[in-house]
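# Observations on chain architecture
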Amino acid sequence: MTAIPDFSAVEAMDAADALRAFRDRFILPDGLIYLDGNSLGVASKAAFAELQQAATQEWGQDLIRSWNTAGWFDMPLTLGDRVGRLIGAAAGQTAVCDTTSINIYKALHAAMALRPDRSVIVSEGGSFPTDLYMAEGVLSTRPGGTLRLEGVDADTIEELIDDSVAVVLVNHVNYKSGELRDMAALTKKAHEHGVLVIWDLCHTAGALPVDLDGADVDFAVGCTYKYLNGGPGAPAFIYAATRHHGDVSQPLSGWWGHARPFAFEKSYAAGKGMLRFLCGTQPILSMRALKGALDIWEEVDMAALREKSLGLTDLFIALVEAKCAAHGLELESPRDRAKRGSQVSFSHPHAYEIMQALIARGVIGDFRAPSTMRFGFTPLYVSYEDVWKSVEILEDILTTGAWKDARFAVRAAVT
Ligand SMILES: *Cc1c(COP(=O)(O)O)cnc(C)c1O
């Protein structure tokens with residue numbers, strides 16, 4: 001973007017926005033500009049309606065019968081297919097269950113079991129930490145296994161891939177910088193060495209279109225409480241390509257993954273397809289909220305979503321750089337649209353205090369240590385006017401020095 005738009009140009013962008021009507025489907029508190037949907041998506045009327053129905057009728061009145069009559073038992077796979085549609089996965093390859101961390105554990109073990117003569121996991125030093133923690137946990141059960149990290153053992157993931165590697169575990173969009181990796185190219189490079197790939201899609205699902213099947217991906221995981229708006233602690237998802245279903249296994253062999261859970265047999269027999277990735281009883285109320293959130297996604301054109309996401313992040317970068325240039329903010333996200341997810345990060349030595357001052361003024365983003373301010377742009381409910389106003393408030397906080405107030409330096413447990 002060359003010329004910096006003025007407010008009337010920004011109003012015109014909202015007027016021309018094809019996704020504008022979706023905003024009314026969400027419950028946005030008055031006076032709040034919410035730029036943290038990359039951490040916890042906002043509630044929707046549809047999610048609340050599902051929760052209400054599930055709590056009062058299905059649990060309150062129908063009780064145990066609801067496992068059959070309300071589709072509770074089948075939800076991991078029925079919702080899985082609906083998430084699958086948003087990430088380029090044909091039916092039967094995605095399950096909704098557990099947390100992303102647990103699904104990483106399952107996928108890593110599954111991949112390593114498919115490559116029994118190899119013992120190396122490759123990942124990235126800049127990964128969301130839970131991925132690395134789970135890789136350590138997996139390796140603690142596999143003597144001789146090692147973890148090679150981009151940024152530690154070599155500059156790029158590609159350099160770390162060779163024929164001793166079993167699996168690459170990688171974030172599609174970096175949680176801090178918002179930088180996007182080339183899924184098809186990295187998957188292809190891994191496959192050339194017989195290496196399997198697990199993509200972490202936490203900052204991808206509901207943020208931009210991807211084509212897991214088209215890119216020939218082996219496994220993927222991701223959460224549903226960020227861009228998909230499933231609600232706090234909503235269950236995660238796991239994808240495994242059909243070609244692996246015959247041989248794949250994972251060690252959390254609970255009864256929900258059994259071929260015949262209600263035969264109550266004495267030993268484990270893995271269920272077919274994605275069933276074998278399930279472990280135990282799932283959080284049904286959370287699943288039902290997610291079901292409501294996914295109803296909205298049925299109507300979303302992912303190409304239009306991506307276009308608006310880039311429009312919002314372009315505008316935010318241009319306005320911040322034009323209006324706040326004197327205050328030492330540095331863009332951490334890619335300037336190149338093709339490499340950018342749906343968030344923008346700026347670093348500043350006082351990022352924490354500035355973010356607290358923004359939150360006190362009704363602009364919610366978040367902080368990632370040591371010095372990153374993150375702003376998530378969720379095209380279904382963020383407007384161009386929100387972008388304009390949030391930059392105006394940021395500029396005011398920086399010029400007046402309002403962030404220097406001592407109360408903004410107090411650190412909370414969750415940042
Ligand atoms: C948010 C996030 C997670 C979260 O994992 P949970 O098990 O749901 O807490 C994992 N990976 C990435 C890349 C994330 O952004």
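Residues numbered from 1 in each chain as written. Predicted model: local features only at pLDDT ≥ 70, side-chain atom pairs only at ≥ 80, totals over all residues. Heavy atoms only, no water.

### A closer look at the sheet that holds strand S3 (residues 120-124)
Strand order in this open sheet of seven strands is S2-S8-S7-S6-S5-S3-S4, and the pairing throughout is mixed. Of all strands in the sheet, those with a lone pairing partner are strand S2 (94-96) and strand S4 (146-150), marking the two edges. On average, each strand axis in the sheet is inclined to that of its neighbour by 15°, with strand direction left out of account. Together, S3, S4, strand S5 (165-171) and strand S6 (196-200) form the strand contacts of helix H6 (residues 129-139), whose direction differs from that of S3 by roughly 170°. (Pairing = 2+ DSSP bridges. Helix = DSSP H or I, 4+ residues; strand = E, 2+ residues; numbered from the N terminus. Axes fitted to C-alpha atoms, helices over the stretch in contact; angles between N-to-C directions. Contact = heavy atoms within 4.5 Å.)

### Brief notes about the nonpolar core
Among the nonpolar cores identified, the biggest contains 87 residues, and Ile-87, Val-168, Trp-199, Trp-297, Phe-316, Phe-377 and Leu-380 are the most heavily contacted of them. When we break this core down by domain, the ones giving at least three residues each are domain 1 (7-30 + 301-409) and domain 2 (49-299). If sequence neighbours within four positions are ignored, Phe-377 has contacts with Leu-35, Tyr-227, Leu-312, Thr-313, Phe-316, Ser-342, Gln-343, Val-344, Val-382 and Val-387. In terms of nonpolar packing, the next biggest core, distinct from the first, is built from 29 residues, Ala-111, Val-167, Leu-169 and Ile-238 among them. (Core = buried A, V, L, I, M, F, W, Y, C linked by side-chain atoms within 4.5 Å. Buried < 20%, exposed > 50% of the residue type's maximum accessible area, 1.4 Å probe, protein only. Domains from an automatic or database assignment.)

### Looking at the sheet that holds strand S12 (residues 366-368)
Across the sheet, which stays open at both edges, the four strands sit in the order S9-S10-S13-S12 with antiparallel pairing between neighbours. Looking at which strands have only one partner, the edges of the open sheet turn out to be strand S9 (330-331) and S12. For strand S10 (residues 343-347) and strand S13 (residues 372-376), the ladder comprises five bridges, and the chain directions are antiparallel. In the strand pairing of S13, Val-344 is matched with Phe-375. Packed on one face of the sheet, helix H10 (residues 302-323) meets S9, S10 and S13 and runs near 25° to S10.

### Comments concerning the pairing of S10
Counting buried positions along S10 gives five out of five residues, so the element sits mostly inside the fold. The two faces of S10 match: Gln-343, Ser-345 and Ser-347 on one face and Val-344 and Phe-346 on the other face are all buried. As defined by bridge partners, S9 adjoins S10 across two bridges and the pair is classed as antiparallel. Within the sheet, the bridge partner assigned to Glu-330 lies in S10 and is Ser-347.

### A short note on the UniProt feature "binding site: pyridoxal 5'-phosphate" (unreviewed entry) in the protein chain
Here the UniProt-annotated "binding site: pyridoxal 5'-phosphate" (unreviewed entry) positions come out as Thr-100, Ser-101, Phe-128, Pro-129, Thr-130, Asp-131, Asp-200, His-203, Tyr-225, Trp-255 and Thr-281. On the basis of their most widely separated C-alpha atoms, the annotated residues across 182 residues do not gather in one place, lying as much as 30.5 Å apart. Mapped onto the fold, Thr-130 is located in helix H6. What Thr-130 contacts, discounting residues up to four positions off in sequence, is Ser-101 and Ile-104. Within the fold, Tyr-225 resides in the loop between strand S7 (219-222) and strand S8 (237-240). The contact partners of Tyr-225, leaving out residues within four places of it in the chain, are Ser-39, Leu-40, Gly-41, Gly-230, Gly-231, Gly-233 and Ala-234. (UniProt positions renumbered as here; feature names shortened; annotations may be inferred.)

### Focus: the site of the ligand
In the vicinity of the ligand, the residues found are Thr-99, Thr-100, Ser-101, Phe-128, Thr-130, Asp-131, Asn-171, Asp-200, Cys-202, His-203, Tyr-225 and Lys-226. Measuring from an oxygen atom of the ligand, one finds a side-chain N or O atom of Tyr-225 at 2.8 Å. Considering the ligand on its own, with 390 Å² of exposed area, one finds that the protein chains cover 87% of that surface. For the shell around the ligand, the secondary structure elements donating two or more residues are helix H5 (100-114) and H6. Class assignment of the residues belonging to the shell around the ligand gives a composition of three nonpolar, six polar and three charged. (Near = heavy atom within 4 Å. Polar contact = N/O pair within 3.5 Å; in protein donor to acceptor, adjacent residues only side chain to side chain. Areas by Shrake-Rupley, 256 points an atom, 1.4 Å probe, with all protein chains shown as cover. Nonpolar A, V, L, I, M, F, W, Y, C, P; charged D, E, K, R; others polar.)

### Quick look at the domain arrangement of the protein chain
Assigned domains of the protein chain: these are domain 1 (7-30 + 301-409) and domain 2 (49-299). Computed over C-alpha atoms only, the centres of domain 1 and domain 2 are separated by 30 Å. Taken together, the two surfaces of domain 1 and domain 2 that pack against each other cover about 1900 Å², and 61% of this comes from carbon and sulfur. In terms of surface lost to domain 2, no three residues of domain 1 exceed Arg-25, Met-302 and Gln-343, which account for 26% of the buried area on that side. (Buried area = accessible area lost by both parts, 1.4 Å probe.)

### Observations concerning a negative patch on the surface
On the surface, a cluster of negative charge is contributed by Asp-155, Glu-158, Glu-159 and Asp-182. Inspection of the secondary structure assignment puts Glu-158 in helix H7 (residues 157-160). (Patch = residues over 30% accessible without salt bridge, like charges linked within 9 Å, V, L, I, M, F, W, Y side chains within 5 Å. Salt bridge = Lys/Arg side-chain N within 4 Å of Asp/Glu carboxyl O. Lys, Arg positive; Asp, Glu negative; His and termini not counted. Charge placed at Lys NZ, Arg CZ, Asp CG, Glu CD.)

### Describing the packing of aromatic side chains
Any two aromatic rings considered together are summarised by their centre-to-centre distance and by the angle between their planes. Tallying each qualifying case throughout the model produces 15 aromatic pairs. Plain terms: the ring middles of Trp-67 and Trp-72 are 5.3 Å apart, the flat faces sit at 90° to each other, and that makes the pair edge-to-face. Classification of Trp-67 by relative accessible area gives partly exposed; the value is 22%. Among the residues examined, Trp-72 registers a relative accessible area of 8% and is labelled buried. Aromatic rings pair up to connect Trp-67, Trp-72, Phe-73, Trp-255, Trp-256, Phe-262 and Phe-264 into one cluster. The cationic tip of Lys-226 hangs over the ring face of Phe-128; the distance from NZ or CZ to the ring centre is 5.3 Å. Directly above the ring of Trp-388 sits Lys-323, whose terminal nitrogen or CZ lies 4.1 Å from the centroid. (Phe/Tyr/Trp six-rings, centres within 6.5 Å; stacked < 30°, edge-to-face > 60°. Lys NZ or Arg CZ within 6 Å of the ring centre and 35° of its normal.)

### Things to note about helix H12 (residues 384-400)
End to end, H12 covers 25 Å across 17 residues, agreeing with the expected 24 Å (1.5 Å per residue, within 8%). Looking at H12, one finds that the buried residues are Tyr-384, Asp-386, Val-387, Trp-388, Ser-390, Val-391, Ile-393, Leu-394, Ile-397 and Leu-398. Tucked into the core, H12 has its buried residues touching helix H1 (7-15), strand S1 (33-34), H10, helix H11 (351-360) and strand S11 (363-364). (Expected span 1.5 Å × (residues − 1).)

### Topic: the packing of H11 against H12
Two numbers describe how H11 lies on H12: the axes approach to 10 Å, and their chain directions differ by 125°. As far as their axial angle goes, H12 and H11 are oblique. Judged by the twist between their axes, the crossing of H11 over H12 is right-handed. Together, Ile-354, Ala-357 and Leu-358 of H11 and Ser-390, Ile-393, Leu-394, Ile-397 and Leu-398 of H12 make up the contact between the two elements. Broken down by class, the residue content of the contact of H11 with H12 amounts to seven nonpolar, one polar and no charged. (Parallel < 35°, antiparallel > 145°, perpendicular 65-115°, else oblique. Left-handed = near helix turned anticlockwise from the far one by under 90°.)

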